[in-house]
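# Fold and contact review
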Amino acid sequence: MEHRAWWKEGVIYQIYPRSFMDSNGDGIGDINGIRQKLPYLKDLGIDIIWLSPFYTSPQVDNGYDISDYQGIDPMFGTMTDFDALLAEAHALHIKIVIDLVVNHTSDQHPWFIESRKSTDNPYRDFYIWRDPKPDGSAPNNWGSCFSGSAWQYDKHTRQYYLHLFAPQQPDLNWDNPNVRDAVFDMMDWWCRKGIDGFRMDVISMISKAPGLPDGPKEPGAIYGNYGPYVVHGPHVHDYLMEMNRRVLSRYDLVTVGETSGVTTEQAKQYAGFDTHELNMVFQFERTDCESENGSKWTDKRISLPELKAVFSRWQTELEGKAWNSLYWENHDQPRSVSRYGSEGAYWKESAKMLALCLHMQKGTPYVYQGEELGMTNRHITSLDECRDVESINAYHEMTEKQGVHHEDMLRYINRIGRDNARTPFQWSDEAQAGFTTGTPWIAVNPNYTRINAAAQVSDPDSVFSFYKTLIALRKQYPVIPYGQYELLEKDHKELYVYTRTLADAPNGPKQLLIICNFSEQAVPYALPQQFSGAGLLIANYADTAQTAQAEQCFRPYEAAVYMH
């Protein structure tokens with residue numbers, strides 16, 4: 001069995017603070033709200049909380065535009081509140097991971113305020129400034145992630161600065177050793193405070209190619225793609241090894257890097273067991289399969305064979321070399337039940353099936369707040385209901401400049417927009433889902449009267465109870481965190497079938513067979529011969545056969561694990 005580690009055996013729970021629990025009635029979730037709900041998380045069985053940004057911020061991109069890395073935004077509370085959260089979580093044996101957003105800062109960060117004062121300011125080179133082209137236009141053709149050019153002109157110093165996201169999020173210049181010193185000092189400060197790790201926002205974009213050349217353009221696109229010159233840039237691994245050497249290796253931490261566009265080969269460098277960078281990466285191959293011409297705003301849906309191929313490639317190619325992170329949802333992705341399951345007749349069954357399918361794979365599972373309740377997308381009828389800068393900007397650019405119809409764009413936002421994951425946590429069937437006594441910053445999903453924690457926590461048949469069982473099983477049986485994965489039936493259009501094998505398991509089963517029906521139809525399946533007569537470990541239907549039969553019929557969204 002490979003080297004054991006707490007972050008391999010643990011389950012991480014992501015909290016988006018502004019939407020989790022509001023303790024003071026201002027409509028915005030806060031740190032003291034999280035403190036109130038620690039017993040709920042302990043009951044669920046999670047080991048690690050990842051907190052999305054709570055730092056001082058103008059909130060242009062919901063806190064991913066940071067103006068003080070060592071300050072708490074007043075909307076979330078105080079540093080005293082954070083210290084109390086850390087102490088109370090640790091007392092419950094729950095670790096705290098914080099978001100590290102160091103590709104860019106806010107334009108209100110003191111470094112940038114200094115940087116834009118003059119071309120010879122000591123902080124000028126903390127950011128990426130360039131002269132205009134001879135005609136006064138931007139230095140290159142790059143578009144930003146949030147629509148529009150990736151360059152913003154500054155009249156005062158007559159140069160452009162680079163922002164791969166919103167204009168209020170200027171990119172840091174990691175080629176400047178003073179930037180790295182400042183970032184590593186800040187990280188060390190948080191480590192000394194006692195945090196247990198970092199989730200690193202767009203960390204694969206911190207190194208830009210020299211010369212910043214024009215990017216390739218898709219047919220009909222307004223801007224070029226910066227990807228080839230920014231993602232996995234020339235010095236990204238040098239900078240991460242330096243970060244590891246100077247900060248990460250000095251503490252017992254878990255680290256996960258958000259690395260869009262990463263291949264399995266590149267992941268082995270970022271998160272290899274012996275490369276001295278990070279513990280694991282987030283990759284987006286599964287979600288990228290639903291993009292067309294570089295745009296996520298489509299109706300395209302991944303097929304089950306494609307989905308299996310992506311998961312399986314990462315499972316098999318990282319085996320023994322690097323560690324996987326497993327997720328369906330996060331603050332940037334829509335709700336998985338709405339995306340891959342059923343919001344209707346089979347809502348509960350599909351929510352449980354998706355959980356089982358993911359949690360039985362090899363890697364560290366991430367549960368996004370509300371996923372353990374089977375929370376769904378909230379459908380909007382007007383752009384006025386949107387709060388996400390990405391969705392709002394994309395709507396305007398695509399309807400006004402690219403000829404996309406209003407109804408089509410709203411449909412895309414309802415399917416894939418980031419606000420789907422950001423609606424308030426559904427605690428109860430009381431007003432505003434028990435999230436706040438005030439007016440929430442974003443509207444509550446109307447289905448909170450049916451889907452809420454109060455109704456599920458004590459119900460043994462609930463989605464919550466199913467997640468709780470899955471998390472407990474991971475801690476109980478080494479084959480779940482450490483067993484080798486093998487895909488069966490790779491071309492099957494309805495069933496996802498795979499095995500997990502750990503021949504030297506010190507206790508519990510040595511092999512598992514996982515069968516998940518991703519359809520609303522009953523599907524017959526002849527089980528592999530070696531599992532004939534195997535016992536049932538867990539299933540999402542109460543009356544699934546306790547002993548594996550030679551041939552079984554799997555009902556809509558049925559999922560089962562057999563063991564021997």
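As a reminder, the structure under discussion sits directly above these lines.
The sections below set out a description of the structure shown in this document. (Residues numbered from 1 in each chain as written. Predicted model: local features only at pLDDT ≥ 70, side-chain atom pairs only at ≥ 80, totals over all residues. Heavy atoms only, no water.)

## Regarding the sheet that holds strand β7 (residues 151-154)
For clarity, the threshold we go by: When DSSP finds two or more bridges between two strands, those strands count as paired. Per the convention used, a helix needs a DSSP run of H or I reaching at least four residues, while a strand needs a run of E reaching at least two, with both numbered from the N terminus.
Here three strands make up an open sheet; going across it, the order is β6-β8-β7 and the pairing antiparallel. The sheet is open, and its two borders are formed by β6 (129-130) and β7, each paired with just one other strand. For β7 and strand β8 (residues 159-162), the ladder comprises four bridges, and the chain directions are antiparallel. By the bridge assignment for β8, Trp151 is matched with Leu162.

## Focus: the packing of aromatic side chains
As a reminder of what qualifies: Here a Phe, Tyr or Trp ring, Trp counted by its six-membered ring, pairs with any other such ring whose centre lies within 6.5 Å, and the pair is stacked when the planes are under 30 degrees apart, edge-to-face when over 60, and tilted otherwise. Each residue gets one of three labels from its accessible area relative to the maximum for its type: buried under 20%, exposed over 50%, partly exposed in between, using a 1.4 Å probe on protein chains only. Criterion for a charge above a ring: Lys NZ or Arg CZ within 6 Å of the ring centre, and within 35 degrees of the ring normal.
All told, the structure shown has 39 aromatic pairs when counted by the stated rule. Taking 5.3 Å as the distance between ring centres and 70° as the angle between the ring planes, the aromatic pair formed by Phe20 and Phe425 counts as edge-to-face. In this pair, Phe20 sits in the loop between β1 (12-15) and α2 (31-36) while Phe425 sits in the loop between α15 (406-416) and α16 (453-456), placing the two residues 405 residues apart along the sequence. Just as Phe20 is buried, Phe425 falls in that class too. Three or more aromatic residues joined by ring pairs make a cluster, and in this case those are Phe311, Trp328, Tyr340, Tyr485, Tyr496, Tyr498 and Phe518. The side chain of Arg124 reaches across the aromatic face of Trp129, ending 3.6 Å from its centre. Over the aromatic face of Tyr327 sits the side chain of Arg286, whose NZ or CZ is 5.1 Å from the ring centroid.

## Things to note about the pairing of strand β18 (residues 535-539)
Taken across its five residues, β18 has four buried, putting it largely inside the fold. Two strands pair when backbone bridges link them, and β18 and strand β20 (residues 559-563) are joined in this way by four bridges, in the antiparallel orientation. The residue bridging Ile538 from the neighbouring strand is Val561, located in β20.

## Remarks on unusual backbone geometry
Among all residues save glycine, negative phi is the norm, and among peptide bonds the norm is trans. A positive phi angle, near 60°, is found at Arg158, a position not held by glycine. You can see Arg158 is positioned in the loop between β7 and β8. Overall, the relative accessible area of 61% leaves Arg158 in the exposed class.

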